[in-house]
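# Geometric and topological summary
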Amino acid sequence: MIIFKNQSPWGTPPGGGGNGNGGFRRGPMPPDIEEIIKNLQKKINRFFPGGSKGGKPIIFGLVILLIVWALSGLYRVLPDEQGVVLRFGKFVNTTQPGLNYHLPFPVESVLTPKVTKVNRMDIGFRSERDSGFTSGGVADVPEESLMLTGDENIVNIDFSVFWVIKDAGNFLFKIQDPEGTVKAAAETAMREVIARSEIQPILTEGRSKIEIDTQEIIQNILDEYNSGIQITQVQTQKADPPDQVIDAFRDVQAARADMERSKNEAEAYANDVIPRARGEAAKILQAAEAYKKEVVAKAEGEASRFVAIYTEYAKAKQVTQERMYLETMEKVLADINKIIIDKNSGSGVVPYLPLKELGTGSN
């Protein structure tokens with residue numbers, strides 16, 4: 001029976017150490033976790049009175065605190081938000097909606113501004129209601145609303161600008177006063193558009209084009225500032241002449257409306273008369289063309305008939321003359337009443353001839 005004394009089954013001392021007799025030598029053992037914790041505990045116990053009696057609870061508490069501190073870096077960004085990560089107060093990057101992680105405080109922190117909320121900026125007036133306004137709830141701001149047009153008139157225009165955040169990082173750190181920047185850019189853009197437009201389209205059908213041009217200019221200005229703001233709409237609330245001349249201007253507008261109405265009525269009348277006149281003209285032209293063809297054909301027929309008669313006349317003058325005379329008299333006397341008296345019926349004066357009675361009888 002073999003007895004292993006102070007040896008492993010492979011003939012080496014416990015713990016895997018080699019010997020000078022050529023026994024099996026194992027590789028280095030992995031670090032002993034328990035030994036490491038004991039060494040760490042001893043080092044910590046030096047700073048606490050009472051030796052190692054309370055060491056294990058303190059280590060456990062520190063581990064728990066470390067885990068809690070590491071998990072504090074987890075944060076959630078809502079669908080209508082955008083995460084802005086700051087490292088020691090400096091902007092690092094942005095994160096999208098969902099569960100994200102950043103280095104725990106005080107290394108990194110995060111801001112989550114709302115990026116889908118539509119903000120409104122009123123220019124030229126102030127209203128307490130965001131969804132709309134009435135005449136009793138509006139305060140006019142003339143220094144913002146009075147603008148000079150391209151034809152040297154003054155217009156009083158109130159409008160609203162709607163915007164959202166498209167880049168939260170730029171929005172928070174590239175511009176100091178986002179609302180003031182939007183207001184200044186909007187007022188500048190509107191004055192530029194109004195300055196190259198005439199007053200008439202501004203007050204009537206040209207508002208939509210003014211809104212589109214203004215929105216484009218505002219967006220270009222904000223993009224140059226890297227503001228992180230997206231302009232969604234520019235809406236004109238009012239566009240009128242100044243209050244001092246608005247009554248006279250309305251009279252002019254009414255006169256122009258009457259002019260337009262009269263013009264439309266004249267155009268409607270012209271659209272009714274001109275086609276009929278053209279139809280009558282076409283009818284007259286067609287009748288004239290038919291008459292022309294009829295006259296030409298008749299003349300050609302008469303010419304042919306005259307040539308034929310002349311040919312017969314050349315052959316027998318007396319007979320042809322007699323025939324022409326009879327045909328002519330037939331035509332002349334065709335539609336009149338005739339009384340024929342034979343010249344051989346006698347001579348002398350007839351005392352009474354009842355012409356009226358004879359005229360009512362047969363020819």
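Structure: see above.
I will try to describe carefully the structure that is included in this document. What you see as residue numbers is a count from 1 along each chain, following the sequence as written. Under the rules for a predicted model, residues below a pLDDT of 70 receive no local features and side-chain atom pairs below 80 are neither given nor counted, while totals for whole chains, interfaces and linings still include all residues. Values reported for side chains reflect all heavy atoms of the structure, with hydrogen atoms and water molecules removed beforehand.

### Notes on the overall build of the protein
Short version of the rule: The helix and strand labels rest on DSSP assignments: H or I over at least four residues marks a helix, E over at least two residues marks a strand, and numbering proceeds from the N terminus. In what follows, residue pairs with any heavy atoms lying within 4.5 Å of each other are defined as contacts.
A count of helices and strands for the protein gives 10 helices and 11 strands. Of the contacts made within the protein by residues no fewer than 6 positions apart, 61% connect residues no fewer than 24 positions apart.

### What about the nonpolar core?
For clarity, the cut-off: Nonpolar cores are built from buried Ala, Val, Leu, Ile, Met, Phe, Trp, Tyr and Cys residues. Side-chain atoms within 4.5 Å join them into one set. Think of it in three bands: with a 1.4 Å probe and only protein chains considered, a residue is buried below 20% of the maximum accessible area for its type, exposed above 50%, and partly exposed in between.
Core analysis: the biggest nonpolar cluster contains 35 residues, and Val161 and Ile218 have the highest contact counts within it. Taken together, the elements giving at least two residues each to this core come down to β2 (83-87), β6 (119-123), β10 (154-165), α4 (168-173), α5 (178-195), α6 (199-203), α7 (207-224) and β11 (229-240). The dominant element in this core, judged by the number of residues it contributes, is α5, at seven residues. For Ile218, the contacting residues outside a window of four places in its chain are Val161, Ala185, Ala186, Ala189, Ile231 and Val234.

### What about the packing of aromatic side chains?
Worth spelling out the cut-off: Side-chain rings of Phe, Tyr and Trp (the six-membered ring for Trp) are treated as a pair once their centres are within 6.5 Å; stacked means planes under 30 degrees apart, edge-to-face means over 60, and tilted covers the remaining angles.
Evaluation of the coordinates by the stated rule reveals one aromatic pair. Plain terms: the ring middles of Trp163 and Phe171 are 6.1 Å apart, the flat faces sit at 40° to each other, and that makes the pair tilted. Considered together, Trp163 and Phe171 belong to a single accessibility category, that of buried residues.

### Thoughts on the packing of helix α8 (residues 246-315) against helix α9 (residues 317-332)
The description of two helices packed together rests on the angle between their axes and the distance between the axes. Applicable threshold: Throughout, an axis means a line fitted to C-alpha atoms (over the contacting stretch in the case of helices), and angles, computed between N-to-C directions, take values from 0 to 180 degrees. Note on angle classes: values under 35 degrees are labelled roughly parallel, values over 145 roughly antiparallel, values of 65 to 115 roughly perpendicular, and the remainder oblique. Ten residues, namely Ala, Val, Leu, Ile, Met, Phe, Trp, Tyr, Cys and Pro, are considered nonpolar, four, namely Asp, Glu, Lys and Arg, are considered charged, and the remaining ones, Gly among them, are considered polar.
Remark: α8 packs on α9, axes separated minimally by 6 Å, with the N-to-C direction vectors making an angle of 140°. Compared by their axis directions, α8 and α9 come out oblique. Contact residues: α8 offers Arg305, Ile309, Glu312, Tyr313 and Lys315, while α9 offers Lys317, Thr320, Gln321, Met324, Glu327 and Lys331. Here the residues of the contact of α8 with α9 are counted per class, giving three nonpolar, two polar and six charged.

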